[in-house]
Amino acid sequence: MIKVIASFDDGSIYDLRMADMLASYGIDTIFYIPVNWQRYLLSKGIEPLSPNDLKNIASNFKLGSHGVNHELLTKVSEEKQDKEILGSILYWQEQGYEVSSFCYPRGYYNPEIKDKVIKAGYTNARTVKVGNLSVPDDPYETETTVHVGYDREEYETDWLTYARNKVTEAIHRHQEGEEVVYHFWGHSEELWRYQQFDRLGEFLKFLTERLKDV
C-alpha cells in the first residue's frame, strides 16, 4: 500500500489555489494554520486567507494547528510553549474546527515540547524532515518525503527531480511488500514566489499517473 498525504503551512491567500489543485486529485491534505495567521503573514508582507477563505478550505480538507503566533518553540519560554501548543488546539476547537494534528513551526522541537503536544491532546505532529517513505515510528515525530517548490541541499538536485525519484522508490518499496507513506508538503506562498505552481502541477500529474495502477 502507498498512502499519499499532503500538508501546507501558514494560511496564505495562495492556499486557495493549492486547495483547488489538490481537490482535483483527491489527495488527503492538512492545512496547518497559526491562530493569528493573518497578523503573522501580514508582518512578512504576505496576503493571508480571510476567515471565510479558511472556513471554505476547512470544509474540504483537514485543519491542523501551527501554534498561536508561529513561535519557534525551542526559543521561547515554557509559558509561551504552553500557549502555542495547548492554546491553539483549544482555540480551533472553540471555533468549531476538528483539529488533532500539530506542526512544529520550522521543525523546532525537543522531547519536552513533544510531551506538551501529547498532553494537549493531539494525536500526531509533523516535522520538516524530508526523505522518509516509511510509516512513522513515532506519530509525534512524523517525517515527510519531500518539501515541494524549494530546492533543499539534501536533495542534491532540483526538488521536482527529487520528488519524482522518491515516487519511483516508493513504488519499488511497495512492490517489495513494504507499507509506504509518501508525504509532500510546502508553503503555497513559496510556490507562488518562486513560480513553481506549474512544476507542482507536473509533479501531481506524474504522481497520480505512476500510482494509479499500483
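Before reading on, note that the structure itself is shown above.
Quick caveat: nothing in here was measured; it's all calculated off a predicted structure.

Draft legend 1. Focus on the layout of surface pockets. One number sums up the size of the largest pocket: a volume of about 510 Å³. Lining of the largest pocket is provided by 28 residues; of these, Lys 3, Ile 5, Ile 30, Lys 62 and Asn 124 occupy positions nearest its centre. Sorting the residues of the lining of the largest pocket by element identifies strand 1 (2-9), strand 2 (28-33), strand 3 (62-65), strand 5 (124-126) and strand 7 (180-186) as the ones contributing at least two each. Classifying every residue of the lining of the largest pocket by side-chain character gives 12 nonpolar, 9 polar and 7 charged. Together, 22 residues line the second largest pocket, and Asp 10, Tyr 40, His 70, Arg 106 and His 187 are the ones closest to its centre. Among the elements of the structure, helix 2 (37-42) and helix 7 (188-193) are those that each provide at least two residues to the lining of the second largest pocket. Ranked by the residues each element gives to the lining of the second largest pocket, the list is headed by helix 7, at 4 residues. The residue inventory of the lining of the second largest pocket, partitioned by class, reads 8 nonpolar, 5 polar and 9 charged.

Draft legend 2. Spotlight on the pairing of strand 1. When you tally the buried positions in strand 1, you get 7 out of 8 residues, the bulk of the element. Where strand 1 meets strand 7, 7 bridges bridge the pair, whose relative direction is parallel. Following the sheet pairing, Val 4 is matched in strand 7 by Tyr 182. For strand 1 and strand 2, the ladder comprises 5 bridges, and the chain directions are parallel. Bridge pairing in strand 2 links Ala 6 to Thr 29. Viewed along the sheet, the connection from strand 1 through helix 1 (residues 15-25) into strand 2 turns out right-handed.

Draft legend 3. Structural view of the side chain of Thr 145. Relative to the assigned elements, Thr 145 resides in the loop between strand 5 and strand 6 (146-147). Leaving out residues up to four positions away in the same chain, Thr 145 has contacts with Val 130, Gly 131, Asn 132, Leu 133, Tyr 162, Lys 166, Val 181, Tyr 182 and His 183.

Draft legend 4. Examining the packing of aromatic side chains more closely. The final tally for this structure, using the stated rule, is 15 aromatic pairs. An angle of 70° between the planes, with centres 6.3 Å apart, marks the rings of Trp 159 and Phe 203 as edge-to-face. Pair noted here: Trp 159 is in helix 6 (residues 159-175) and Phe 203 is in helix 8 (residues 197-211), with a separation of 44 residues, a long-range link. Neither residue differs from the other here; Trp 159 and Phe 203 are each classed as buried. Through successive ring pairs, a cluster of aromatic residues spans Phe 8, Phe 31, Phe 61, Trp 159, Tyr 182, Phe 184 and Phe 203.

Draft legend 5. Inspection of helix 4 (residues 78-94) at higher detail. A rise of 1.5 Å per residue sets the reference length of helix 4, with its 17 residues, at 24 Å; its end C-alpha atoms lie 23 Å apart and thus fit the reference within 8%. Along helix 4, the helix axis deviates most sharply at Gly 87, where the bend reaches about 35°. Regarding helix 4, the residues found buried are Gln 81, Glu 84, Ile 85, Ser 88, Ile 89 and Trp 92. Of the surrounding secondary structure, the elements contacted by the buried residues of helix 4 are strand 2, helix 2, helix 3 (51-58), strand 3, strand 4 (101-103) and helix 5 (111-120). At the exit of helix 4 stands Gly 96, carrying a positive phi of roughly 90°.

Draft legend 6. Geometry of the pattern of salt bridges. Using the criterion set out here, one finds 14 salt bridges in the structure. Residue Arg 152 is joined to Glu 154 by a salt bridge in which the shortest nitrogen-to-oxygen separation is 2.7 Å. With its nearest N and O atoms 2.7 Å apart, the salt bridge here joins Glu 178 to Arg 173. A cluster of three or more residues bridged by salt bridges with shared partners is formed by Lys 166, Glu 169, Arg 173 and Glu 178.

Reading guide: rules and limits
- Residues numbered from 1 in each chain as written.
- Predicted model: local features only at pLDDT ≥ 70, side-chain atom pairs only at ≥ 80, totals over all residues.
- Heavy atoms only, no water.
- 1 Å grid on protein atoms, 1.4 Å probe; cavity = no way out; pocket = protein on both sides within 12 Å on 5 of 7 lines; lining within 4 Å.
- Points joined across faces, edges and corners; volume = space filled by probe spheres on them.
- Helix = DSSP H or I, 4+ residues; strand = E, 2+ residues; numbered from the N terminus.
- Nonpolar A, V, L, I, M, F, W, Y, C, P; charged D, E, K, R; others polar.
- Buried < 20%, exposed > 50% of the residue type's maximum accessible area, 1.4 Å probe, protein only.
- Pairing = 2+ DSSP bridges.
- Right-handed = clockwise from strand over helix to strand, strands pointing away.
- Contact = heavy atoms within 4.5 Å.
- Phe/Tyr/Trp six-rings, centres within 6.5 Å; stacked < 30°, edge-to-face > 60°.
- Expected span 1.5 Å × (residues − 1).
- Bend = angle between axes of the 7 residues up to and from the residue.
- Salt bridge = Lys/Arg side-chain N within 4 Å of Asp/Glu carboxyl O.

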